[in-house]
Amino acid sequence: MRQVYLDYSATTPVKNEVVEAMLPYFTEVYGNPSSLYTAGLAAGNGLDKAREQVATLINAKPSEIFFTSCGTEADNWVLEGVADKLRKKGNHIITSKIEHHAILHTCEYLEEHGFEVTYLDVDNEGFVNPADLERAITNKTVLVSIMMVNNEIGTVQPIRELAQIASKHGILFHTDAVQGLGNMPIDVEKLGVDFLSMSGHKIYGPKGVGALYIRQGRRINVFMHGGAQEKKHRAGTENVAGIVGFGKAAELAAANLDRHIEHCRELRNYFWEQLKLNIPDISLNGPEDLESGKRHPGNLNVSFDYIEAESILLMLDMKYGISVSTGSACSSKSLEPSHVLTAAGVSIVKSNGTVRFTVGDFTTKEDIDYVVDAMKTITSKLRELSPVAGMKGWE
Ligand SMILES: *Cc1c(COP(=O)(O)O)cnc(C)c1O
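For every chain, the first residue of the written sequence is number 1, and numbering continues from 1 along that sequence. Totals for whole chains, interfaces and linings use all residues, but because this is a predicted model, local features are given only for residues with pLDDT of at least 70 and pairs of side-chain atoms are given and counted only at 80 or more. Side-chain metrics rest on all non-hydrogen atoms present in the structure, leaving aside hydrogens and water.

Colleague: Is there a simple way to explain the overall build of the protein in this structure?
Modeller: Secondary structure elements follow DSSP: runs of H or I no shorter than four residues count as helices, runs of E no shorter than two count as strands, and numbering proceeds from the N terminus. Scanning the protein from N- to C-terminus turns up 13 helices and 12 strands. Summarising its shape, the C-alpha atoms of the protein cover approximately 70 × 55 × 35 Å along the three principal directions. Across the 395 residues that make up the protein, the buried fraction comes to 57%. Should any heavy atoms of two residues lie within 4.5 Å, those residues are counted as being in contact. Within the protein, residue pairs in contact and separated by at least 24 positions form 75% of the contacts whose partners lie at least 6 positions apart. Here the accessible surface of atoms and residues is derived via Shrake-Rupley with a 1.4 Å probe, and residues count as covered only by protein chains that are part of the display. Total accessible area computed for the protein in this model is approximately 17100 Å², and 53% of it derives from carbon and sulfur atoms. Residue burial is assigned from relative accessible area. The probe radius is 1.4 Å, only protein chains are included, and a residue is buried under 20% of its type maximum, exposed over 50%, and partly exposed in between.

Colleague: What exactly am I supposed to notice about the pairing of strand β5 (residues 141-145) here?
Modeller: A regular strand carries its side chains on alternate faces of the sheet. Burial within β5 is extensive, with five of its five residues counted as buried. Here three bridges tie strand β3 (residues 92-96) to β5, and the two strands are oriented parallel to one another. The partner of Ile93 across the bridge, within β5, is Leu143. In this scheme, strands are said to pair when DSSP sees at least two bridges between them. Two elements, β5 and strand β6 (residues 172-176), share three bridges in a ladder whose sense is parallel. Bridge pairing in β6 places Val144 opposite Phe173. By definition, the crossover connecting two strands over a helix is right-handed if that path, from the first strand to the second, turns clockwise as seen with the strands pointing away from the viewer. Regarding the hand of the β-α-β motif, the stretch spanning β5, helix α6 (residues 159-168) and β6 is right-handed.

Colleague: Quick question: what am I supposed to make of the packing of helix α3 (residues 71-85) against helix α4 (residues 101-111) here?
Modeller: Between α3 and α4, the least distance of the axes is 9 Å, while the angle of their chain directions is 30°. Taken as axis vectors, α3 and α4 run roughly parallel relative to one another. The crossing of α3 and α4 is right-handed. Across from Thr72, Asp75, Asn76, Leu79, Glu80 and Ala83 in α3, the residues of α4 making contact are Ala102, Ile103, Thr106, Cys107, Tyr109 and Leu110. For helices, the axis comes from a line fit to the C-alpha atoms of the stretch in contact; other axes are also lines fit to C-alpha atoms, and the angle between any two N-to-C directions lies between 0 and 180 degrees. Should an angle lie under 35 degrees it is considered roughly parallel, over 145 roughly antiparallel, and from 65 to 115 roughly perpendicular; all remaining angles are considered oblique. Crossings are classed by handedness, with left-handed meaning an anticlockwise turn of the near helix from the far one by less than a right angle and right-handed meaning a clockwise turn.

Colleague: Please clarify how the packing of aromatic side chains should be interpreted in this entry.
Modeller: Centre distance and the angle of the planes are the two values used to describe a pair of aromatic rings. For Phe, Tyr and Trp, rings pair up if their centres lie within 6.5 Å, where Trp contributes its six-membered ring, and each pair is then called stacked (planes under 30 degrees apart), edge-to-face (over 60) or tilted (otherwise). On inspection of all chains with the given rule, the structure shows eight aromatic pairs. Arranged with centres 6.0 Å apart and planes meeting at 55°, the rings of Tyr8 and Tyr204 form a pair that is tilted. One end of the pair, Tyr8, is in the loop between β1 (4-5) and α1 (16-22); the other, Tyr204, is in the loop between β7 (195-199) and β8 (210-214), with 196 residues separating them in the sequence. There is no split in this pair, since Tyr8 and Tyr204 are both buried. A ring pair is formed by Phe304 and Phe357, whose centres lie 6.5 Å apart and whose planes are at 80°; its orientation type is edge-to-face. Linking Phe304 in strand β10 (residues 299-304) with Phe357 in strand β12 (residues 354-358), this pair joins segments that are 53 residues apart in sequence. Across the pair, Phe357 and Phe304 agree in class, each one buried. An aromatic cluster of at least three residues, connected via ring pairs, comprises Tyr5, Tyr8, Tyr204 and Phe362. Each ring is checked for a lysine NZ or an arginine CZ that lies within 6 Å of its centre and within 35 degrees of its normal; such an atom marks a charge sitting over the ring. The ring of Tyr370 carries the charged tip of Arg2 above its face, separated from the ring centre by 4.9 Å.

Colleague: Looking at this structure, how should I read the sheet that holds β8?
Modeller: Two strands in a sheet stick together by hydrogen bonds in their backbones, pointing the same way (parallel) or opposite ways (antiparallel). Spatial strand order, β2-β8-β7-β6-β5-β3-β4: seven strands in an open sheet with mixed pairing. In this open sheet, the two edge strands, each paired with only one partner strand, are β2 (65-68) and β4 (116-120). Direction aside, neighbouring strands of the sheet carry axes that sit 20° apart on average. Sheet topology note: the β7/β8 ladder contains five bridges and is antiparallel.

Colleague: Hey, could you run me through the site of the ligand in this one?
Modeller: Around the ligand, 13 residues are found, and the nearest of them are Thr72, Asp176, Gln179, Ser199 and Lys202. The term polar contact refers here to a pair of N or O atoms within 3.5 Å; inside protein, the definition further demands a hydrogen-donor-capable atom paired with an acceptor-capable atom, and it admits residues adjacent in sequence only when both atoms are side-chain atoms. For the ligand, an oxygen atom lies 2.7 Å from a polar atom in the side chain of Gln179. Here an oxygen atom of the ligand and a side-chain polar atom of Lys202 are 2.7 Å apart. Protein contacts shield 91% of the accessible area of the ligand, which totals 380 Å² for the unbound molecule. Here the shell around the ligand gets three residues from one element, more than from any other, and that element is α3. Among the residues forming the shell around the ligand, the class breakdown is three nonpolar, seven polar and three charged. When we say a residue is near a molecule or strand, we mean one of its heavy atoms is within 4 Å of it. As a working rule, the residues Ala, Val, Leu, Ile, Met, Phe, Trp, Tyr, Cys and Pro are called nonpolar, Asp, Glu, Lys and Arg charged, and the rest polar, with Gly in that last group.

Colleague: I'm lost on the nonpolar core in this one. Help?
Modeller: A general feature of soluble globular proteins is that nonpolar side chains tend to end up buried together. Residues grouped as a nonpolar core are buried Ala, Val, Leu, Ile, Met, Phe, Trp, Tyr and Cys residues, joined through side-chain atoms within 4.5 Å. Residues Ile58, Ile65, Leu196 and Met198 are the most contacted members of the largest nonpolar core, which totals 60 residues. In terms of residue count, helix α9 (residues 240-278) provides more of this core than any other element does, nine residues in total. Ile58 has contacts with Ile65, Leu181, Ile186, Asp187, Val188, Leu196, Met198 and Tyr213, leaving out every residue within four places of it along the chain. Ranked by size, the runner-up nonpolar core spans 33 residues in total, among them Leu267, Ile368, Val372 and Ala374.

Shown next as structure tokens:
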């Protein structure tokens, strides 16, 4: 059966160049980068190069990049590390209602440990209103954390404006840029952020490696205690091959950025046009503007009226070899409606019929035509079985 992967926001295939860059670090270059002899130095050189490659992608200094075991660790580290460090100054954190669970669940943990968290609302397209941030700030606020690009509905937040508001009040600003990295230009100097989280496996690199950007001079408590790795900021022998792969993926992302964005946007827009032409009673969630940089270039989040998205997902997978997700991959095993769709004002019933399609570098126009055909057949079959199909006021 033909296989079509349309879940690039859950993870991406690892590019061949990335695998090739990694391979020597499993074989010849197996030294411990902390060792002082030649074999250790060779591994250390691999880390140095990767640090430069990742720094270049976001216009940071290599000394500001700290490798972690994943994007989730970077998120946990920054929230707990900054909260702990500044506990005496204040106990208030501001974030949004549509963050990834790596942020939301860490905030809940902090709430159980004496912190107060404000969860900002978003509008129907998923945007945080900068005026809401300004209003939420108190003299106890120590950190603001707003994601750069939402993983479910693709909303690109006005990070520069939000970071400026925090900075004006002398408050540190973090952004979870896992979905933004490699999908839009990122310049930490222009954005004015203090901390930024990244992950390797969302940019055609390996799983199990991420990084936290820490602006020079910003202090944060250590999260992993042990040896002196990562300038005593993150203990544990580095995942050398993984980090080298992440570095190579970052280099490729920087080199291909414009082409990548255009490729994804063109296919995504064509996909949406074809769905609208062929399937009635559907609606788009997230930013309506598909041309500018306000939406992740590869993201399409669509509600199919009268249908359960799980049925679509399973039929696409089993009958057509097509991979998509409902809501976000991380919450797809629970029956709760997506917290993101709920915050964006999508009703629970509509939310239940929502599928996220994300295209990427290996997606072709033929793939899209195949998926549209499959969706046409599946939706009409499922709607034939649905007692509420076509009913007025079914919601
Ligand atoms: C995938 C993702 C993460 C988690 O990254 P991992 O490397 O999988 O831990 C965090 N935030 C966002 C927005 C993501 O999409």
